[in-house]
Amino acid sequence: MAVSTIYSTRALNSTHFLTSSPSSSTSKQVFFYRRHQSQTNRRFNTIITCAAQQTVVIGLAADSGCGKSTFMRRLTSVFGGAAEPPKGGNPDSNTLISDMTTVICLDDYHSLDRTGRKEKGVTALDPRANDFDLMYEQVKALKSSIAVEKPIYNHVTGLLDAPELIQPPKILVIEGLHPMFDERVRELLDFSIYLDISNEVKFAWKIQRDMAERGHSLESIKASIEARKPDFDAFIDPQKQYADAVIEVLPTQLIPDDNEGKVLRVRLIMKEGVKYFSPVYLFDEGSTISWIPCGRKLTCSYPGIKLNYEPDTYFDHEVSVLEMDGQFDRLDELIYVESHLSNLSSKFYGEVTQQMLKHADFPGSNNGTGLFQTIVGLKIRDLYEQLIANKATAPAEIAKA
Ligand SMILES: Nc1ncnc2c1ncn2[C@@H]1O[C@H](COP(=O)(O)OP(=O)(O)OP(=O)(O)O)[C@@H](O)[C@H]1O
Ligand SMILES: O=C(CO)[C@H](O)[C@H](O)COP(=O)(O)O
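In this text, all values refer to a predicted model and were calculated from it rather than measured experimentally. Numbers given for residues are sequential positions, taken from 1 along each chain in its written order. Numbering of ligands from 1 and lettering of chains from A proceed in the order in which they are written. Local features are withheld for residues below a pLDDT of 70 in this predicted model, meaning they are given only at 70 or higher, and side-chain atom pairs are given and counted only at 80 or more; totals for whole chains, interfaces and linings count all residues. Hydrogens are left out, water is left out, and the side-chain values use all remaining heavy atoms of the structure.

**What about the site of ligand 1?**
Right, on to step 1. Around ligand 1 sit 14 residues in total, of which Ser64, Gly65, Ser69, Thr70 and Thr369 are the nearest.
Right, on to step 2. One of the side-chain nitrogen or oxygen atoms of Ser64 is found 2.9 Å away from an oxygen atom of ligand 1.
Right, on to step 3. Contact distances for ligand 1 include 2.5 Å between an oxygen atom and a side-chain N or O atom of Ser69.
Right, on to step 4. Summarising the interface, the protein chains cover 83% of the accessible area of ligand 1, which totals 630 Å² for the free molecule.
Right, on to step 5. Going along the chain from the N terminus, every DSSP run of H or I of four or more residues is numbered as a helix, and every run of E of two or more is numbered as a strand. Among the elements of the structure, α1 (68-78) and α5 (199-213) are those that each provide at least two residues to the shell around ligand 1.
Right, on to step 6. When residue character is reported, Ala, Val, Leu, Ile, Met, Phe, Trp, Tyr, Cys and Pro are called nonpolar, Asp, Glu, Lys and Arg charged, and the others, Gly included, polar. When the residues that make up the shell around ligand 1 are grouped by side-chain class, the tally is 3 nonpolar, 8 polar and 3 charged.
Right, on to step 7. Formed jointly, the shell around ligand 1 draws a minimum of three residues from each of two domains, domain 1 (53-196) and domain 2 (244-392). Definition of nearness: a residue and a molecule or strand are near each other if at least one heavy atom of the residue lies within 4 Å of the molecule or strand. N or O atoms within 3.5 Å of each other form a polar contact, as long as, within protein, one can give a hydrogen and the other can take it, and as long as residues adjacent in sequence are counted only when both atoms are side-chain atoms. Areas reported as accessible are Shrake-Rupley estimates using a 1.4 Å probe. Residue values count occlusion only from the protein chains shown. All the domain ranges listed were derived from an automatic or database domain assignment.

What follows is the structure in structure tokens.
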């Protein structure tokens, strides 16, 4: 949201009112700054504006190194345009902005820097190392079309940097360790996703990235995973019960006793009864189907591909589960599988295959991780469009400070 010429400013104790000229014929915007005192004694401003736009908020939870960034790249691509860090800002910003979406990383709400965590003997996964009050205040503000000055956690230095201004986008994605941990933040989410990567696969991915790309030793990777495990089990993993969609990544069942971790079994667990979200299905909604698509229309080398679709329960919720074990040899042939899936929320026949081909170089493009991330991206676009259409017919709401 662009701030047009500010033409009057007055101070009222610690609160400043800034009035802007109307940015369009339909809305007059009024801005003022509210000061937050965070638990770390740092001050952050909330820039309050009354405007017609409502921000849709999506939560994406996963442990570090579990494919959140890759998922975000697929998601923002569905909305078109490239996602980039704020222009002219901190080069170590964790934020990514595109025309429609702003992705903020919840690491920015760490209240303890690297040294602080070390001194107190807590990990970044521990709620005591995070400022949930500020996270709630700022996500709530953005959802109500209010810009905020969000802190930055600098992963290069391990320090808390000066804040950056975040304008309310059309779609705000909050990604990180704790988007569904705090009940107040959870209530603000219009849709939530949990990436549930099994220990075996997480380990393989960590080795691939941290050893090959970052020069860490095998021992240090093992030690870091072990050190995080108790807090991961206590604070991160339980969030999956609240997710509207879970992407579960497991070792394949197609190769007996596989320990290579290259071929994956991926399950898309979709909650039933979520407003504006209808689960994808294979062949016939609500039925139980096991399908091996390999043959004349799909080239499969060993160990092949197996799809499965069935209703189930997950943390006492009714869900539909779509599963794919194995990997594609030829991505263009994915169209054959796509044509048997329904409720994809695609805009045209073959859109899923097109998206997958567009990002063939992203990790997971030849298996269920890429396929299901792409499908969830289309479902989020659909949810956004329905929400906005619904808002347009509802009486305009005035954002509350
Ligand atoms: N679907 C996938 N298939 C294979 N490898 C993957 C997949 N997704 C991610 N990876 C591997 O995991 C690494 C981490 O992925 P990514 O950067 O997307 O995770 P992240 O959750 O954003 O990590 P962090 O929070 O640490 O920044 C990648 O470099 C890649 O090696
Ligand atoms: O779990 C993490 C979130 O992705 C990081 O470990 C946490 O943010 C701390 O970062 P760093 O290791 O750079 O100090």
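**Some thoughts on the state of the cysteines**
Right, on to step 1. Criterion for a disulfide: a pair of cysteine sulfur atoms at a distance within 2.5 Å. Summed over all chains, the structure comprises 1 disulfide.
Right, on to step 2. Paired by a disulfide, Cys294 and Cys300 hold their sulfur atoms 2.2 Å apart. Because the sign of the S-S torsion sets the handedness, a value of about -80° for the bond joining Cys294 and Cys300 places this disulfide among the left-handed ones.
Right, on to step 3. Think of it in three bands: with a 1.4 Å probe and only protein chains considered, a residue is buried below 20% of the maximum accessible area for its type, exposed above 50%, and partly exposed in between. On the basis of relative accessible area, Cys300 is assigned to the partly exposed category, the value being 25%.
Right, on to step 4. Just so you know, Cys66 is unpaired, no disulfide at all, and the nearest cysteine sulfur is the one on Cys105, 13 Å from it.
Right, on to step 5. Taking the relative accessible area as the measure of exposure, Cys66 reaches 3% and is therefore buried.

**Some points on the pattern of salt bridges**
Right, on to step 1. Here, a salt bridge means any Lys or Arg side-chain nitrogen found within 4 Å of an Asp or Glu carboxyl oxygen. Summed over the entire model, instances satisfying the criterion amount to 21 salt bridges.
Right, on to step 2. Between Asp182 and Arg184 there is a salt bridge, with the nearest N and O atoms lying 2.9 Å from each other.
Right, on to step 3. Look at Asp182 and you get buried, because its relative accessible area is 12%.
Right, on to step 4. Using a relative accessible area of 33% as the deciding quantity, one classes Arg184 as partly exposed.

**Digging into the site of ligand 2**
Right, on to step 1. Taken together, Ser64, Asp107, His110, Arg114, Arg117, Ala124, Tyr153, His155, Leu177 and Arg228 make up the full set of residues near ligand 2.
Right, on to step 2. Arg114 places a polar side-chain atom, nitrogen or oxygen, 2.8 Å from an oxygen atom of ligand 2.
Right, on to step 3. At 2.8 Å, a side-chain N or O of His155 approaches an oxygen atom of ligand 2.
Right, on to step 4. Compared with its free state, where it exposes 360 Å², ligand 2 has 79% of that area covered by protein.
Right, on to step 5. Of the residues that constitute the shell around ligand 2, the class distribution is 3 nonpolar, 3 polar and 4 charged.

Everything listed here is a matter of coordinates, which is why it stays silent on function.
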